[in-house]
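# Tertiary structure, described
These are the residues of each chain, in order.
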Amino acid sequence: MNRTQIPMNDQAYARTSFIKRAQTIKNINRDFTEWHLGRPRYAIWAIDVDTPEVRQQVLAAEQHLSGLLLENYARKPHITLCVCGFLSDKAEQVDDFGVSHFEGQLANLDQLNLMPFEIELDLLASFSSAPFFHIKEAGNNLVSLNQCLNLSMPHNQHNQYIPHITVGLYAEAWLSKEVSIKLDNFATPHAVRCTVNKISLISYNPAEIGGALRTIADYDFVQAKIQWHETPPFALKSAI
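Residues numbered from 1 in each chain as written. Predicted model: local features only at pLDDT ≥ 70, side-chain atom pairs only at ≥ 80, totals over all residues. Heavy atoms only, no water.

### Quick notes on the overall build of the protein chain
A tally of regular secondary structure across the protein chain gives six helices and 10 strands. In terms of overall size, the protein chain behaves like a compact globule, its C-alpha atoms giving a radius of gyration of 18 Å where 240 residues would be expected to give roughly 18 Å. By principal-axis analysis of the C-alpha atoms, the protein chain measures approximately 55 × 40 × 40 Å. For the protein chain, the residues scored as buried account for 47% of the 240 residues in total. The contacts in the protein chain between residues at least 6 apart in sequence include a share of 77% that link residues at least 24 apart. Carbon and sulfur atoms provide 50% of the accessible area of the protein chain, an area that totals close to 12,200 Å². The averaged location of the 25 negative side-chain charges in the protein chain is 3 Å from the averaged location of its 20 positive side-chain charges. (Helix = DSSP H or I, 4+ residues; strand = E, 2+ residues; numbered from the N terminus. Rg over C-alpha atoms; globule rule 2.2 N^0.38 Å. Buried < 20%, exposed > 50% of the residue type's maximum accessible area, 1.4 Å probe, protein only. Contact = heavy atoms within 4.5 Å. Areas by Shrake-Rupley, 256 points an atom, 1.4 Å probe, with all protein chains shown as cover. Lys, Arg positive; Asp, Glu negative; His and termini not counted. Charge placed at Lys NZ, Arg CZ, Asp CG, Glu CD.)

Structure (structure tokens):
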């Protein structure tokens, strides 16, 4: 099966996958040194949706799930598009993210030639490790961005992609059926929409589970140009 083919729609697929596992995954607040091996920054491409309206909905979901979530989750609302890897000027490990990956992604984005589009928060749902809001849109732009960015990241090629905004991380191994009932009882009072005109290269400290996000650069759709918020983390091979 091609990675873009889903046996059912996103919502049905997520619900079936969640219930199939009897319990949620317990997240632990510790430094996973065996994973990051001392590497200080992990990078993703994402859409920053940290608006007052979105924050209000995420906070409402956090309060609705009070007692189930790990404390001190500090990540602003975002939609992950591509999990890149550890920022490295000289990529040596299989999960390092270097200049060749980055410049390949920029070339792919230029070819995609995407224009601004609108998204909307949908139902509250869950992965085994974390509750989230589904995201809906009129087109297929989010999946197209995921595919485009992953062309330069072969270790991500077979991931199932469901556009979402994470609410938090589960603190214990709760019964999935009971959590599912609670999720279904959450009511979204009004539609929350956002216009997407750029995507962001973002990093976080891998030693902190659920730690704060830091924007490195933005790629603007209309200008088809990268805008840096800090010194590039690696030596670029071409003028950008």
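### Structural notes on the packing of helix α4 (residues 99-112) against helix α5 (residues 141-150)
In a packed pair of helices, the relevant descriptors are the angle between the two axes and the axis-to-axis distance. It is the contact of α4 with α5, at a shortest axis distance of 8 Å, that shows an interaxial angle of 140°. As α4 runs across α5, the sense of the crossing is right-handed. Contacts between α4 and α5 pair Gln105, Asn108, Leu109 and Leu112 from the former with Ser144, Leu145, Cys148 and Leu149 from the latter. For the contact of α4 with α5, the residue count by class is five nonpolar, three polar and no charged. (Axes fitted to C-alpha atoms, helices over the stretch in contact; angles between N-to-C directions. Left-handed = near helix turned anticlockwise from the far one by under 90°. Nonpolar A, V, L, I, M, F, W, Y, C, P; charged D, E, K, R; others polar.)

### Some points on the sheet that holds strand β8 (residues 198-204)
Strand order across the open sheet formed by six strands is β3-β2-β1-β8-β9-β10, with mixed pairing between neighbours. Two strands in the sheet have a free side with no partner beyond their single neighbour: β3 (96-97) and β10 (225-228). Along the sheet face, α5 touches β1 (42-48), β2 (78-87) and β8 and points at about 10° away from the line of β2. (Pairing = 2+ DSSP bridges.)

### Section: the pattern of salt bridges
Taken as a whole and assessed by the stated rule, the structure comprises 13 salt bridges. Its salt-bridge partner being glutamate 120, residue lysine 136 comes within 3.9 Å of it at the nearest N-O pair. One end of the pair, lysine 136, is in strand β5 (residues 131-137); the other, glutamate 120, is in strand β4 (residues 117-126), and 16 residues separate them in sequence. Lysine 136 sits in the partly exposed class, given a relative accessible area of 37%. Notably, a salt bridge pairs glutamate 230 with arginine 214, separated by 3.0 Å at the nearest N-O pair. Of this pair, glutamate 230 sits in the segment after β10 while arginine 214 sits in strand β9 (residues 213-220); the two residues are 16 residues apart in sequence, bridging distant segments of the chain. You can call arginine 214 partly exposed: its relative accessible area is 46%. A single network of salt bridges, built from pairs that share partners, joins Glu118, Glu120, Lys136 and Arg193. (Salt bridge = Lys/Arg side-chain N within 4 Å of Asp/Glu carboxyl O.)

### Digging into the sheet that holds strand β7 (residues 193-196)
The four strands lie next to each other as β6-β5-β4-β7, forming an open sheet whose pairing is antiparallel. Since the sheet does not close on itself, it has two edges, and those belong to β6 (164-166) and β7, each with one partner. Going from strand to strand, the sheet's axes swing by 35° on average, the running direction of each strand aside. When β4 meets β7, the two strands line up antiparallel, connected through four bridges. Following the sheet pairing, phenylalanine 117 is matched in β7 by valine 196. Contacting β4 and β5, α5 crosses the sheet at an angle of about 90° to β4.

### Structural notes on α5
Here α5 lies mainly inside the structure; seven of its 10 residues are buried. Against the buried residues of α5 lie β1, β2, α4, β4, β5 and β8.

### Let's talk about the packing of aromatic side chains
Enumeration according to the criterion identifies 11 aromatic pairs in this entry. Ring centres of phenylalanine 133 and phenylalanine 186 lie 5.9 Å apart, and the angle between their planes is 65°; on these two criteria the pair is classed as edge-to-face. Of this pair, phenylalanine 133 sits in strand β5 while phenylalanine 186 sits in the loop between α6 (176-184) and β7, and the two are 53 residues apart along the sequence. Phenylalanine 186 sits in the buried class, given a relative accessible area of 13%. (Phe/Tyr/Trp six-rings, centres within 6.5 Å; stacked < 30°, edge-to-face > 60°.)

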